[in-house]
Every structure is written in C-alpha cells, then in structure tokens.
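Structure assessment
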Amino acid sequence: MAERRFTTSDFDYHLPDALIAQTPTADRGASRLLVVDRQSEAAPLHDSAFAALPAMIPPGDLLVINSTKVRHARLIGSRPGGAPAEILLLHPVDDGEWLAMGKPGRALQPGKEISLGHDSAIHVVAIEEEGFRRVRFVGLDADAAIARYGRLPLPPYITRQPDAQDETRYQTIYAAREGSVAAPTAGLHFTDATMQQLRERGVEIASLDLEVGPGTFRPVEVEDLAHHEMHAEHFEIPEAAADAIAAVRRRGGHVWAVGTTVVRALESAARDDGTVAAGQAATALMITPGFRFRIVDHLLTNFHLPRSTLLMLVAAFAGYQRTMAAYHHAVEQRYRFYSYGDAMCIL
C-alpha cells in the first residue's frame, strides 16, 4: 500500500476558545496529563495527572530537557509623531545588530527610529527575507535597553498583558541562558520536587539549549507540506548530554524528550548508531509523518495549534490517527491547551 501523502488540512481540528489557557495553573506541576500508549490498541489513551509522570519513567532512562530562557524581547516604543510601535527581538546578528520583527510595518522601514525612552532608541537598518528587520540600538546598548524596557513576550493566543506571575511561570525552573522568544512549554510543568523524585528514582537528566523562535506559533499556510519553509533555530548540545545519550544506548535504556524543541535538536544532530553529535548548530528540520526517529523513544509535550509544524511532529511520533484521536479526546474532556495548558505523554 502506498504511503499516505498528508496535507496541511489533515492537521486541522476544532478548538473552542474557552480551552485556550490564558493563565497558568495555581500550582506549577498541577496540570493534567493525557497518556498516549503507542503499544496498546485496546486502550491507547489514559487520563492522568502530571504528578504521576516520575513513576512512568524507568530507572536508568534518560530525560532530556531544554534549558533555554525566554528573553524580555518585546519592546514598546513610539514613532516620531508619537504613535506606538512594537519590536520583537529574535537574535543578535553581526556588528551589534539584531534580527527583529515588528509592527506596524510602515514604521519599520530602513532609516526609521523607534524611541524607547529618553535614553534609548531602535534604528531600522534593513529589511531582510520574510519581512524581518535588521535593527541596532541607539543610546543604551542592547543589554541595558532590554533590562530597562524589555517585556516578556507572551504567545499571541494569550490575550492579556503579562503580569508579575508570568515572570516566573513562563520560565522553566531550570531555565539558564536567555535566547528564546517563547518558552519550551512542556518543561513548564516541572517543579523542584518533581526533579528530585526523578533523581531519587534513578532517572538520568541531561540538558541542551534550543532557542525557540517565532516560527513555533506560525501556522502552515500552504497545503503541500513540502512548500513550507521552516525558520532556523540555533541549538547547542553539550558534550555531557551527548555522552549521556551514548551511555543510555549502551545500557539499553530509553531517551525521553521534554518538548518538541528537544526532539528537533536531538534528531537534527542524530547519528545512525543512535548517538548525537555535540556542539552548536542551527536546525530547520521539519518533522512530518513518515520521519524516522533515531534518538527519541518517548515524548512529553503540550497540546499544539491546528495546522502547526509542532502538531505534525507529534503525529509523526505517535502516529497520525492516534494523535488526532488524542486531540479530539482532549477537547471532549476539556483539557487546557497551548503554552499554559495541560500535557501529553507519548509512551
């Protein structure tokens, strides 16, 4: 039988607005967990709680987390006439300049300046591919301007302004180096107590860093998946993480990825023998059904947007029919969706 050819419409589903989580749970780690068992045909879906996760991971297995930290990359300024303008910093490029997005577009033409305050402005240098802007800071340098004027960039489907709670809850407890414009949300559920339970159980933990870019929220707008262009994201796999993966492979254990960002980094650096290459790189890997996973054995993830590359990755890992059935079940059971929502564990 010929392999099914998927289109973007295959990854659409109806989600009531009321199920899009606008705030985090009262307690970190108190989320629900939908368990998807790929080995069970009779009962592939099981409603559980995130607190039950440590008991699901056998001693000696390896949990891989993304330790990236969300940068206060959203800058609100004003145009010369006083009208507002907004800049979202993506990452630094050459000679102190940054790649950025912003609105309104007419305010971000080359030569224009957006004032952040009496001591700082952003000068638009050039327009790059896909409408990105190359910008540089005037007055305060980037670090000082971000520290003084930067705001946490909550996802576009969260319709409120960030508050003091988001400063901690939209970061993982193990966030280390700033670089992302969005949190690796599967990791938001972990608490210090959860991490301690995992270690006491004998579960190994390794970390990598993948800078989450704005493409994480970008729906695929073409029907032919081959015509969708992924935004590249920078990642670094430390030697310690690569060694831990090699060691778990030698002892016959499994690799558990916390989030789709970890999957993309590990599978981008995969070797045919089931190990990974350490070091820094960029990935534009798009994972869709039919992809052969070489590193990741189990996946913890949140629920993702319709028609998104993240949902496609999950379908590639869990199987298309099983994934869409899980999403329909989650809607029926009123799970919370997206960044501050509940989690799914794929066994």
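The sections below set out a description of the structure shown in this document. In this convention, every chain numbers its residues from 1, walking through the sequence in written order. Totals for whole chains, interfaces and linings use every residue, but because this is a predicted model, local features are given only for residues with pLDDT of at least 70 and side-chain atom pairs only at 80 or more, for both listing and counting. Hydrogen atoms and water are omitted, and side-chain values are computed over all heavy atoms in the structure.

It is worth spelling out helix H8 (residues 320-332) at this point. One turn of the α-helix equals 3.6 residues, which is why residues spaced by three or four share an orientation. Helix and strand assignments follow DSSP, with helices taken as H or I runs no shorter than four residues and strands as E runs no shorter than two, numbered in order from the N terminus. Each residue after the first adds 1.5 Å to the expected span of a helix. Taking 1.5 Å as the rise per residue, H8 with 13 residues should run 18 Å; its terminal C-alpha atoms sit 18 Å apart, in good agreement. Three or more residues of H8 are buried, namely Tyr 320, Thr 323, Met 324, Ala 326, Tyr 327, His 329, Ala 330 and Val 331. Pairs of residues are marked as contacts when any of their non-hydrogen atoms sit within 4.5 Å. Packing partners of the buried residues in H8 comprise strand S1 (32-36), strand S2 (45-49), strand S16 (298-302), helix H7 (309-318) and strand S17 (343-346). Taken from the residues just after H8, Arg 334 is the one with a positive phi, measuring 60 degrees. Residue burial is assigned from relative accessible area. The probe radius is 1.4 Å, only protein chains are included, and a residue is buried under 20% of its type maximum, exposed over 50%, and partly exposed in between.

The next point concerns the pairing of strand S14 (residues 255-258). Of the two faces of S14, the one lined by Val 255 and Ala 257 and the one lined by Trp 256 and Val 258 are each fully buried. Both S14 and S16 contribute to a ladder of three bridges, which runs parallel. Its bridge partner lying in S16, Val 258 is registered against Leu 300. For two strands to pair, DSSP has to find at least two bridges joining them.

A few words now on the packing of aromatic side chains. Stacked, tilted and edge-to-face are the three classes applied to pairs of Phe, Tyr and Trp rings, where Trp contributes its six-membered ring and a pair requires centres within 6.5 Å; stacked means planes under 30 degrees apart, edge-to-face means over 60, and tilted covers the rest. What the rule picks out here adds up to 17 aromatic pairs. With 5.7 Å between their ring centres and 65 degrees between their planes, Phe 303 and Tyr 335 make a pair best called edge-to-face. Within this pair, whereas Phe 303 is found in the loop between S16 and H7, its partner Tyr 335 is found in the loop between H8 and S17, the two being separated by 32 residues in sequence. When the centroid spacing of 6.1 Å and the interplanar angle of 70 degrees are considered together, the rings of Tyr 327 and Phe 337 count as edge-to-face.

In these notes, a set of buried Ala, Val, Leu, Ile, Met, Phe, Trp, Tyr and Cys residues joined through side-chain atoms within 4.5 Å is what counts as a nonpolar core. Counting 72 residues, the largest nonpolar core has Tyr 170, Ile 237, Leu 266, Phe 337 and Met 344 as its most contacted members. If you tally residues by element for this core, the top one is H7, at eight residues. Among all residues touching Ile 237, those that are not within four sequence positions of it are Leu 208, Ala 242, Ala 265, Leu 266, Ala 269, Val 276, Ala 277, Ala 278 and Gly 279. Membership of the second largest hydrophobic core comes to 25 residues, among which are Leu 88, Leu 90, Leu 116 and Phe 132.

What follows concerns the packing of helix H6 (residues 260-268) against H7. Note on method: axes are straight lines fitted to C-alpha atoms, helices fitted across the in-contact stretch only, with angles between N-to-C directions ranging 0 to 180 degrees. It is at 10 Å that the axes of H6 and H7 come closest, and there the two elements cross at 70 degrees. Relative to H7, the element H6 is oriented roughly perpendicular. Here H6 and H7 pass one another in a crossing that is left-handed. Between H6, through Thr 260, Val 263 and Arg 264, and H7, the contact on the second element is made entirely by Leu 310, Leu 313 and Val 314. Each angle is binned into one of four classes, with values under 35 degrees roughly parallel, values over 145 roughly antiparallel, values of 65 to 115 roughly perpendicular, and all other values oblique. Helix crossings are classified by the rotation of the near helix relative to the far one: an anticlockwise turn of less than a right angle makes the crossing left-handed, while a clockwise turn makes it right-handed.

Another point: the side chain of Glu 97. Relative to the helices and strands, Glu 97 resides in the loop between strand S6 (84-92) and strand S7 (98-103). With relative accessibility at 14%, the residue Glu 97 sits in the buried group. With sequence-adjacent residues up to four places away left out, Glu 97 is seen in contact with Pro 92, Val 125, Arg 134, Val 135 and Arg 136.

What the nine strands build is an open sheet, ordered S2-S1-S17-S16-S14-S3-S12-S13-S15; its pairing is mixed. The two strands at the open ends of the sheet, each matched to only one other strand, are S2 and strand S15 (279-283). Mean inter-strand twist for the sheet, computed between neighbouring axes without regard to direction, equals 25 degrees.

What follows is about unusual backbone geometry. Lys 103 connects to Pro 104 through a cis peptide bond whose omega is -5 degrees. Looking at where Pro 104 falls in the secondary structure, it is placed in the loop between S7 and strand S8 (113-117). Of note, Asp 95 is a non-glycine position whose phi angle comes to about 55 degrees, a positive value. Structurally, the position occupied by Asp 95 is in the loop between S6 and S7.

On to the pattern of salt bridges. The working definition used for a salt bridge is a side-chain nitrogen of Lys or Arg within 4 Å of a carboxyl oxygen of Asp or Glu. In this structure the tally under the stated criterion is 17 salt bridges. In this structure, Arg 74 engages Glu 86 in a salt bridge whose closest nitrogen and oxygen atoms are separated by 2.9 Å. With a gap of twelve residues between them, Arg 74 in strand S5 (residues 74-78) and Glu 86 in strand S6 connect regions that are remote in the sequence. The exposure class assigned to Arg 74 is buried, which follows from its relative accessible area of 16%.

Such coordinate-based values are descriptive only and should not be taken to indicate function.
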